[in-house]
Amino acid sequence: MNTEVKVMGIDAGGTMTDTFFVKANGEFVVGKAQSNPQDESLAIYNSSQDALAHWNSNVDEVYPQLVTCVYSGTAMLNRVVQRKGLEVGLICNKGFEQMHAMGRALQCYLGYALEERLHLNTHKYDDPLVPLSRIRGVTERTDVQGDVVIPVREQEVRQVTKELIEQNAKAIVICLLQSHKNPESERKVRDIAKDELKRLGKADIPVFASVDYYPSRKESHRMNTTILEAYAAEPSRQTLQKVSDRFKKHGAKFDLRVMATHGGTISWKAKELARTIVSGPVGGVIGSKLLGEVLGYDNIACSDIGGTSFDMALIVKGNFSIAQDPDMARLVLSLPLVAMDSVGAGAGSFVRLDPHSGAIKLGPDSAGYRVGTCWKDSGLDTVSVSDCHVVLGYLNPNNFLGGLITLDVERARQHIKAQIADPLGLSVEDAAAGVIELLDLELHEYLRSNVSAKGYSPSDFVCFSYGGAGPVHTYGYTEGLGFKDVIVPAWAAGFSAFGCACADFEYRYDKSVDIALAQYASVEEKVQACKTIQEAWEELTHKVIEEFELNGFSAKDVILKPGYRMQYMGQLNDLEISSPVLSAKDAKDWDKIVEEYEKYYARVYSESACSPELGFSITGVIMRGYVVTQKPVIPEEKEYGKTPDASAKIGTRKFYRHKEWADADVWSMEKLKPGNEVFGPAIVESDSTTFIVPKGFATTLDKHRLFHLRETK
C-alpha cells in the first residue's frame, strides 16, 4: 500500500492557519498554527510541522513527496480592507473621474444591517483604492451599441500617463465606458500608455486594461476589479512567491496553486490573481460538494465558523450558485464567486456592552490570531467569545493548539467580570453563558433565514458544520431547525484546506454579450446568435489555454467546458448553465442551449414557472478549462461497536450550561472508532478543534470519520 503523502491543502485564515495532508491510501492528518500576517510562509511551515508530527515526520521528508498543494488565504482581502496596496493610477473617460469613488452609490451602505441602511446619516463612503489625485480622464466615447463616437486623442493619453508617473503611480489601470462592447479604444489607450512609459524610462510599470481582464458590463464593477489586480493582487503575488520559495527550500517540486472565487484553483503565477481575493470559505463549499457526492446528499447547508466570521452556502441538487456581481470588502466587483452569505461573528469576536442600551454586542471586529484576554501574551484587554468558552469549560486551557498556548482561565474570568458580568448584575458564568447563547441564536437565525429566504426548508437539507470553531457551536445553531442530518467532519478545523485540495486545477473566463431572441425566432436569427456565442467562446478559450501554457501544459491536456448565463427576457436575474454543446454553429445548437436552460430553470424554481413566451436572453458566456490533478481520497475505515474503548476517554471536565455545572465526559477524537456513540454532556477533543455534545444530544462516528449529531430529548 502506497503511504507517500500526495496532497496538501492550506487555509491561511485571519486567526489560524490550517494544513491538511493526504496519503495515497486516503489517510489524512490536520495541522494548526497561529496565523502570522507578517510572514504567512512561516505560519504554514509551523502548521505543517504540527500536522506531520502525528506521523512522526517533518516537512523535509514530506514536501518533496507532494504532487499537489493548494493555498487559500485572506492576505489579499486584508490588504484591501486595510488600504495597504500599491499606488495605482487610473485612466478613464473625461468627466467620469469621480465614478470610482461613487461606487454606484450602494457601496456607502454595503455590509450594513437593514436598520442602518434605512438611515442616510449612517451611510459611509470608504476611502477609494485610487485617490482623485491619481485619476485622469481622456476624451473618448463608445456608445452602448459598441460604435466609437469620439475617438481617442493620442496626445491626451501621453500627457495623462506622464502626470500619473509624476504622481508616483506604481501601476496604471485603464477603464473606459462600453469597452466590453468594443475593446478598440481601451486597447489603443493601453498601447499608447505603454509606449509613453517606455519613452519615460518606466517600462517596468505594469498597465492593466479592463478589457484584457474583465470584459463585462457595469463599469463600476469592472473598474474596481481591474484596480484590484494592480492594487492588491500584484503585492499578494509577492506573498505567494515567498510561500512557494519556502516550499522549495524544503525540497518541494510542485507548482503552488491558489483557490479561486469560482471554485477552481489557479496557479499563483496566473494573470488574473484578483480571482483569489476570497478563497478559504470557497474551499469549504467545494469539500462539502465532494463529500455530498460520496454520501449521496444532494441538498447541503454548508456552515463554516472561524475566529472572525460565520460563512454559509447552499448546495441544491448537487450544485452551488455562482454570483456574477458580488461585493467584497465594501466594493462592487465583476468576479464569478461561489454564492455565500457571511456575518462577522466568530469564536474570536470581541464582546462589548452597548453604552446606551446595555445590550451585549458581538463583533464585528475580532481578536484574530490573538485568541482573547485568556492568552496573557495577546496584548488584549477586551473580552472575546473565546474567553467565554474557556470560563464555561468548553475548551481545555492546557490543550489549545495541542498545548502550544496555555490559556489563563482566571484572567478571562476577571475581564468578563469587569466588562460584562458586573455591569449586567450577573455571575461570571451566567454572563459568559449569555454571550454564547446570543452568538448561537444569531447564527441559528442567520442560518434559518438564509435557507428559508431562498424558498427551502431545513428539513430538505443536511447541514455540514466545520471550521475551527464549528464543532464548538454546532449544537447551538442547529438545535430545533429540523435538518435531515447534522454532520461534523473529524477534520473540521482543516475542512476548508481539504476542500481546496479537492478543487480542480481550473481557469475560468467570462465575457458579457447581449443576445435576445423570441420564442419562435427564425433560423437565421438562431444561427447569428450561435455565431456570437461561438466567437466569444473562442476568444475565452485562447485565454484559458494561454494560462495553462504558462504552467507547462499544452492545449491537448486541457478539458474545456463552455457555459453561458441566460434568462427569460424582462427578468432581473440570469442563471449560469453548463452548455450541452461544445460549439455553437446552427439552429439545432441554439435549441439545445434553450432546452438546457429551461430544464435547469425548472429544477431551481419549478416547471410551472417556465415562461418561454417571454423570449430568451443570453447575458454572458463562460469558458472553463481544467486539467486532471491528484485529489484527496475520502477515508473509509472498518466499523466497530457503539461503545467506545475505555482508552478513548481522557477524563471529565466541568461544563456550564443552562445555569448549572455538569461533569462532561472528555473523549479523544483520534481514539474514537467508527460506529462509536457518545452521549452528552460530553466533549470530544483533538489538537485542532473541540466538539461539544451537551446534555440532550448524542453523536455517532461513521466509517468516513464524520460525526453525526442528533437531538435525544
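Residues numbered from 1 in each chain as written. Predicted model: local features only at pLDDT ≥ 70, side-chain atom pairs only at ≥ 80, totals over all residues. Heavy atoms only, no water.

A few points about the sheet that holds strand S29 (residues 649-657)
Part 1 of the reasoning: The four strands are arranged S29-S30-S32-S33 in an open sheet whose pairing can be described as mixed. Each edge of the open sheet is held by one strand with a lone partner, namely S29 and strand S33 (690-693). Strand-to-strand twist in this sheet, taken as the mean axis angle between neighbours without regard to direction, amounts to 25°.
Part 2 of the reasoning: Two strands pair when backbone bridges link them, and S29 and strand S30 (residues 660-668) are joined in this way by eight bridges, in the antiparallel orientation. Residue pairing across strands places Arg 657 opposite Glu 660, the latter belonging to S30.
Part 3 of the reasoning: Strands S29 and S33 of the sheet are contacted by helix H14 (residues 470-478), whose axis makes an angle of about 25° with S33. (Pairing = 2+ DSSP bridges. Helix = DSSP H or I, 4+ residues; strand = E, 2+ residues; numbered from the N terminus. Axes fitted to C-alpha atoms, helices over the stretch in contact; angles between N-to-C directions. Contact = heavy atoms within 4.5 Å.)

Re the domain arrangement of the protein
Part 1 of the reasoning: One can read the domain layout of the protein as domain 1 (5-79 + 236-276), domain 2 (87-169 + 171-204), domain 3 (284-346 + 438-502), domain 4 (349-434), domain 5 (505-627) and domain 6 (646-711).
Part 2 of the reasoning: Each of domain 1 and domain 5 has a C-alpha centre, and the two are 34 Å apart.
Part 3 of the reasoning: Listed as interface residues are eleven residues of domain 1 and, on the opposing side, nine residues of domain 5.
Part 4 of the reasoning: Across the domain 1 to domain 5 interface the summed buried area is about 910 Å²; carbon plus sulfur atoms make up 46%.
Part 5 of the reasoning: Sorting the residues of domain 1 by area buried against domain 5 places His 262, Lys 271 and Arg 275 first, and these three jointly supply 41% of that buried surface.
Part 6 of the reasoning: Where domain 1 packs against domain 5, one counts zero salt bridges.
Part 7 of the reasoning: Counting every contact that joins domain 1 to domain 5 gives six residue pairs in polar contact (both at pLDDT 80 or more).
Part 8 of the reasoning: Considering each element in turn, the side of domain 1 that touches domain 5 owes the most residues, three residues, to strand S12 (residues 265-267).
Part 9 of the reasoning: For the side of domain 1 that touches domain 5, a count of residues per class yields two nonpolar, four polar and five charged. (Domains from an automatic or database assignment. Buried area = accessible area lost by both parts, 1.4 Å probe. Salt bridge = Lys/Arg side-chain N within 4 Å of Asp/Glu carboxyl O. Polar contact = N/O pair within 3.5 Å; in protein donor to acceptor, adjacent residues only side chain to side chain. Nonpolar A, V, L, I, M, F, W, Y, C, P; charged D, E, K, R; others polar.)

Some remarks on the packing of aromatic side chains
Part 1 of the reasoning: A complete count under the given rule lists 30 aromatic pairs for this structure.
Part 2 of the reasoning: Where Tyr 456 meets Phe 461, the ring centres are 5.5 Å apart and the plane angle is 65°; that geometry is what we call edge-to-face.
Part 3 of the reasoning: Classification of Tyr 456 as partly exposed rests on a relative accessible area of 24%.
Part 4 of the reasoning: Put simply, the rings of Phe 20, Phe 28, Tyr 466, Trp 491, Phe 495 and Phe 498 pair up and form one aromatic cluster.
Part 5 of the reasoning: For the cation-ring pair, Arg 246 lies above Tyr 45, with the distance from its terminal atom to the ring centre recorded as 5.7 Å.
Part 6 of the reasoning: In this structure, Lys 271 packs its charged tip against the face of Tyr 213, placed 5.0 Å from the ring centre. (Phe/Tyr/Trp six-rings, centres within 6.5 Å; stacked < 30°, edge-to-face > 60°. Buried < 20%, exposed > 50% of the residue type's maximum accessible area, 1.4 Å probe, protein only. Lys NZ or Arg CZ within 6 Å of the ring centre and 35° of its normal.)

Focus on the environment of Thr 712
Part 1 of the reasoning: As for its placement among the helices and strands, Thr 712 is situated in the segment after strand S35 (706-711).
Part 2 of the reasoning: Judged by its relative accessible area of 42%, Thr 712 falls in the partly exposed class.
Part 3 of the reasoning: Sequence-wise, Thr 712 and Val 604 are 108 residues apart; in three dimensions their C-alpha atoms are separated by 34 Å.
Part 4 of the reasoning: Filtering out sequence-adjacent residues up to four positions away, Thr 712 remains in contact with Phe 679, Gly 696, Phe 697 and Ala 698.

Regarding the nonpolar core
Buried together is how nonpolar side chains tend to be arranged in soluble globular proteins.
Part 1 of the reasoning: Core analysis: the largest hydrophobic core is formed by 200 residues, its most contacted members being Phe 21, Phe 247, Trp 491 and Trp 590.
Part 2 of the reasoning: Considering every element that reaches this core, the biggest residue donor is helix H13 (residues 428-453), with eleven residues.
Part 3 of the reasoning: Once residues within four sequence positions are removed from consideration, Trp 590 is found in contact with Ile 515, Leu 517, Lys 526, Ala 529, Cys 530, Ile 533, Met 566, Phe 616 and Ile 618.
Part 4 of the reasoning: Ranked by size, the runner-up nonpolar core spans 16 residues in total, among them Val 152, Val 157, Ile 174 and Ile 205. (Core = buried A, V, L, I, M, F, W, Y, C linked by side-chain atoms within 4.5 Å.)

Side note on helix H1 (residues 40-52)
Part 1 of the reasoning: The end-to-end C-alpha distance of H1, which contains 13 residues, comes to 18 Å, matching closely the 18 Å that a straight helix rising 1.5 Å per residue would cover.
Part 2 of the reasoning: Among all positions of H1, only Glu 40, Ser 41, Ala 43, Ile 44, Ser 47, Ser 48, Ala 51 and Leu 52 are buried. Down the axis of H1, the sector holding all buried residues measures 160°, keeping them to one side. (Expected span 1.5 Å × (residues − 1). Arc of directions from axis to C-beta.)

Thoughts on the pattern of salt bridges
Part 1 of the reasoning: All chains considered together, the criterion is met by 48 salt bridges.
Part 2 of the reasoning: Notably, a salt bridge pairs Glu 156 with Arg 153, separated by 4.0 Å at the nearest N-O pair.
Part 3 of the reasoning: Looking at Glu 156, the relative accessible area reads 18%, which means it is buried.
Part 4 of the reasoning: Between Glu 576 and Arg 565 there is a salt bridge, with the nearest N and O atoms lying 3.0 Å from each other. Remark: Arg 565 occurs in strand S26 (residues 559-568) and Glu 576 occurs in strand S27 (residues 575-578); sequence separation between them is eleven residues. Considered together, Glu 576 and Arg 565 belong to a single accessibility category, that of buried residues.
Part 5 of the reasoning: The network of salt bridges with common partners includes Glu 506, Arg 508, Asp 510, Arg 565, Asp 574, Glu 576 and Arg 624.

What to know about the layout of surface pockets
Part 1 of the reasoning: Quantified by volume, the second largest pocket comes out at close to 560 Å³.
Part 2 of the reasoning: Contributing to the lining of the second largest pocket are 21 residues, with Phe 28, Val 29, Glu 637, Glu 670 and Arg 705 lying nearest its centre.
Part 3 of the reasoning: With three residues, the top contributor of residues to the lining of the second largest pocket is strand S3 (residues 28-34).
Part 4 of the reasoning: Residue composition of the lining of the second largest pocket, grouped by class: nine nonpolar, five polar and seven charged.
Part 5 of the reasoning: Both domains that furnish three or more residues to the lining of the second largest pocket are identified here as domain 1 (5-79 + 236-276) and domain 6 (646-711). (1 Å grid on protein atoms, 1.4 Å probe; cavity = no way out; pocket = protein on both sides within 12 Å on 5 of 7 lines; lining within 4 Å. Points joined across faces, edges and corners; volume = space filled by probe spheres on them.)

Considering helix H10 (residues 280-295)
Part 1 of the reasoning: The first and last C-alpha atoms of H10 sit 23 Å apart over 16 residues, in line with the 22 Å expected at 1.5 Å per residue.
Part 2 of the reasoning: Looking only at H10, the buried set comprises Gly 280, Pro 281, Val 282, Gly 283, Gly 284, Val 285, Ile 286, Gly 287, Ser 288, Leu 291 and Gly 292.
Part 3 of the reasoning: Phi turns positive, to about 85°, at Gly 296, one or two residues after H10.

Details of unusual backbone geometry
Part 1 of the reasoning: Here Gly 680 and Pro 681 are connected by a cis peptide whose omega angle stands at 5°.
Part 2 of the reasoning: When you line up the elements, Pro 681 lands in the loop between strand S31 (677-679) and strand S32 (682-685).
Part 3 of the reasoning: Even without being glycine, Ala 105 reaches a positive phi, approximately 70°.
Part 4 of the reasoning: With respect to the secondary-structure elements, Ala 105 resides in the loop between helix H4 (99-102) and helix H5 (114-117).

A short note on the environment of Ile 277
Part 1 of the reasoning: Within the secondary structure, Ile 277 sits in the loop between S12 and H10.
Part 2 of the reasoning: Through-space distance from the C-alpha of Ile 277 to that of Met 259 is 9.1 Å; in sequence the pair is 18 residues apart.
Part 3 of the reasoning: Setting aside anything within four residues of it in sequence, one finds Ile 277 in contact with Gly 73, Met 76, Leu 77, Val 80, Leu 228, Thr 261, Met 328 and Leu 335.

Regarding the environment of Glu 410
Part 1 of the reasoning: Counting through the fold element by element, Glu 410 comes out in helix H12 (residues 409-424).
Part 2 of the reasoning: Relative accessible area serves as the criterion here: at 43%, Glu 410 is assigned to the partly exposed category.
Part 3 of the reasoning: The spacing of Glu 410 and Val 391 is 19 residues in sequence and 7.9 Å in space, taken between C-alpha atoms.

What about the sheet that holds strand S5 (residues 88-93)?
Part 1 of the reasoning: Judged by pairing direction, the sheet is parallel, and its four strands sit side by side in the order S6-S5-S9-S10 without closing on themselves. The sheet is open, and its two edges are formed by strand S6 (135-138) and strand S10 (207-209), each paired on a single side. Between one strand and the next, the sheet's axes are offset by a mean angle of 20°, whatever the strand orientation.
Part 2 of the reasoning: Bridging between strand S9 (residues 171-174) and S10 involves three bridges; their strand directions are parallel. By the bridge assignment for S10, Ile 172 is matched with Val 207.
Part 3 of the reasoning: Its contacts with the sheet put helix H7 (residues 184-199) on S5, S9 and S10, and the angle it makes with S10 is roughly 175°.

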